[in-house]
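# A structural walkthrough
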Amino acid sequence: MTDLSYSEEEDAFRARLREWLDGVLPGLPAKPSPDDWPGRRAYDAAWQRMLYDAGYAGLHWPVDAGGQGATPTRQLIFLEETERAGAPYVGANFVGLLHAGPTVAAEGTAEQRARWLPPVLRGEEIWCQGFSEPDAGSDLAALRTRAVRDGDHYVVSGQKIWTSHAEVADWCELLVRTDPGAPKHRGISWLAMPMDAPGVTVRPLRTLAGSTEFAEVFLDEVRIPVGNRVGAENDGWRVTMVTLSFERGTAFVGEVVACRRTLAELADEARATGRWDDAVLRRRLGRLNAEFRALWRLTQWNVSEAERSGGVPGAGGSVFKLRYSQARQELYEAAAEVLGAQAWDLDREWVLDRLSSLSYTIAAGTSQIQRNIVAERILGLPKGR
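No experiment lies behind these values; they were computed from the predicted model shown. (Residues numbered from 1 in each chain as written. Predicted model: local features only at pLDDT ≥ 70, side-chain atom pairs only at ≥ 80, totals over all residues. Heavy atoms only, no water.)

### Some thoughts on the overall build of the chain
- When helices and strands are counted, the chain shows 11 helices and eight strands.
- Taking all 385 residues of the chain together, the buried fraction comes to 50%.
- Just so you have it, the chain exposes about 17,800 Å², and 51% of that area is on carbon and sulfur atoms. (Helix = DSSP H or I, 4+ residues; strand = E, 2+ residues; numbered from the N terminus. Buried < 20%, exposed > 50% of the residue type's maximum accessible area, 1.4 Å probe, protein only. Areas by Shrake-Rupley, 256 points an atom, 1.4 Å probe, with all protein chains shown as cover.)

Dropping the structure here:
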């Protein structure tokens, strides 16, 4: 039976964390402008260094990867408490801390873990993700970026898109095709690419919300050492599934807590403006409260299951991602209802969040992809033709 309760030791950890947060958060500097990516990188890196110095960086990472070796449940507590306290989230560090770092910890060699993981935990190096391509759509395995072996290097040419924080990143977790003659889910390798390598061109993309957090990345005969490959050559799809299990299984945990806080703030706003008298709106907010409470319990269940399977989230993360993406969109549609005529005022709280919420059924694997995973890996249904 899955245990969703907390032990005395975990409650004590929560109390210590709350005390630390109460002591350090009042002294933080103001957040930089959303358009100032170098400033945001510096701000996020400084916060990560504070976490590292206090012993809260990489809580559930293995000790031999530079982490604390804590259970995923303690990491869940950490995310819950930092979000409730209004502490900075991972920001520009999110690919390194939530995707690439855990993948290297699980699949990398001792030398790779020693090289790449400590700088991530200390906030010294930022990673971006080079998975998606403009001609592949939701079919990640249809990637065309090619890597040709030349002695101790791969020579890589191609294009990536939706590369998060590429303009301030030091490294890129990059998927390339190393065997073009193999079936599309084979012949793929996972490489760590230095972003300052000759032949790398970054072109920022502006989103609907006005942010440039994504970019196109063009690769023109970029030379990447073979030693930067994580996993065996042509085994990159399996390694990628490890990356995506972290991305879909635990990367959104803090955001569930944030959504629950936003929901409470929406209720307060509705009471202050008189919209609370609308029984239909009250029912809508009540249903969303139930949705996010259920998502939090599902998160606890997924984390508990990950503990029993060695710390890597399973296919249950797709169930969470599927429902969370839709619930987040519904939350900010309710916010628009509460705001009324101010729902398109970009200076009002929640408006930009509403615009960004539209991407959640696409980001980290589309809802259609998640349904396929649930159908095939959980329900045991046959694969579609």
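### A closer look at the packing of aromatic side chains
- According to the stated counting rule, one finds eight aromatic pairs in the structure shown.
- Ring plane angle 40 degrees and centroid distance 5.7 Å describe the contact between Trp20 and Trp47, whose orientation is recorded as tilted. In this pair, Trp20 is assigned in helix α1 (residues 8-24) and Trp47 in helix α2 (residues 37-54), connecting sequence segments 27 residues apart. Each member of the pair, Trp20 as well as Trp47, carries the same accessibility label: buried.
- Aromatic side chains Trp162 and Phe214 sit 5.8 Å apart centroid to centroid with 80 degrees between the ring planes, which places their arrangement in the edge-to-face category. With Trp162 in the loop between β3 (153-160) and β4 (171-177) and Phe214 in strand β7 (residues 214-225), the pair connects residues that are 52 residues apart, well separated along the chain.
- You can call Phe214 partly exposed: its relative accessible area is 22%.
- Cluster of aromatic residues (ring-pair linked, three or more members): Phe13, Trp20, Trp47, Tyr56 and Phe78. (Phe/Tyr/Trp six-rings, centres within 6.5 Å; stacked < 30°, edge-to-face > 60°.)

### What about the pattern of salt bridges?
- In this structure the tally under the stated criterion is 26 salt bridges.
- Between Arg261 and Glu83 there is a salt bridge, with the nearest N and O atoms lying 2.7 Å from each other. With Arg261 in helix α7 (residues 253-273) and Glu83 in helix α3 (residues 72-84), the pair connects residues that are 178 residues apart, well separated along the chain.
- Of the charged contacts, one joins Arg238 and Asp235 as a salt bridge, the two residues approaching to 2.8 Å between their closest N and O atoms.
- Residue Asp235 is classed as partly exposed on the basis of its relative accessible area, which comes to 24%. (Salt bridge = Lys/Arg side-chain N within 4 Å of Asp/Glu carboxyl O.)

### Overview of the confidence of the model for the chain
- Summarising the model, the chain shows a mean pLDDT of 84, and 82% of its residues fall at 70 or more.
- When the elements of the chain are averaged for pLDDT, helix α11 (residues 367-378) gives the smallest value, 63, and strand β8 (residues 229-230) the largest, 98. (pLDDT = per-residue confidence, 0-100.)

### Regarding the side chain of Arg14
- One can find Arg14 in helix α1.
- For Arg14, a relative accessible area of 10% translates into the label buried.
- In this structure the side chain of Arg14 is engaged in a polar contact, spanning 2.5 Å, whose partner is the side chain of Glu81.
- In contact with Arg14, not counting residues within four places along its chain, are Tyr6, Ile77, Glu80, Glu81 and Arg84. (Polar contact = N/O pair within 3.5 Å; in protein donor to acceptor, adjacent residues only side chain to side chain. Contact = heavy atoms within 4.5 Å.)

### Section: the nonpolar core
- Ranked by internal contacts, the top residues of the largest apolar core, which has 27 residues, are Trp116, Trp127, Leu175 and Trp190.
- Breaking this core down by element, the ones donating at least two residues are α4 (94-107), α5 (110-121), β4, β5 (188-194) and α6 (236-249).
- For this core, the element with the most residues is α4, which contributes six residues.
- Dropping the residues within four chain positions of it, Trp116 is found in contact with Val104, Trp127, Trp171, Ala192, Gly227, Asn228 and Val230.
- Counting residues in each nonpolar core, the second largest holds 25 residues, with Cys259, Leu263, Ala270 and Leu281 among its members. (Core = buried A, V, L, I, M, F, W, Y, C linked by side-chain atoms within 4.5 Å.)

### Quick notes on α5
- Its 12 residues give α5 an end-to-end C-alpha distance of 16 Å, which sits within 8% of 16 Å, the value for a rise of 1.5 Å per residue.
- Considered for burial, the residues of α5 that qualify are Gln112, Arg113, Trp116, Leu117, Pro119, Val120 and Leu121.
- Gly123 lies just past α5 and shows a positive phi near 80 degrees. (Expected span 1.5 Å × (residues − 1).)

### Looking at the side chain of Glu330
- Following the sequence through the fold, Glu330 ends up in helix α9 (residues 316-339).
- Overall, the relative accessible area of 19% leaves Glu330 in the buried class.
- Once residues within four sequence positions are removed from consideration, Glu330 is found in contact with Arg284, Arg287, Leu288 and Arg323.

### Examining the environment of Asp36
- Along the chain, Asp36 falls in the loop between α1 and α2.
- Engagement of the side chain of Asp36 in a polar contact is seen with the backbone nitrogen of Gly39, the distance being 2.9 Å.

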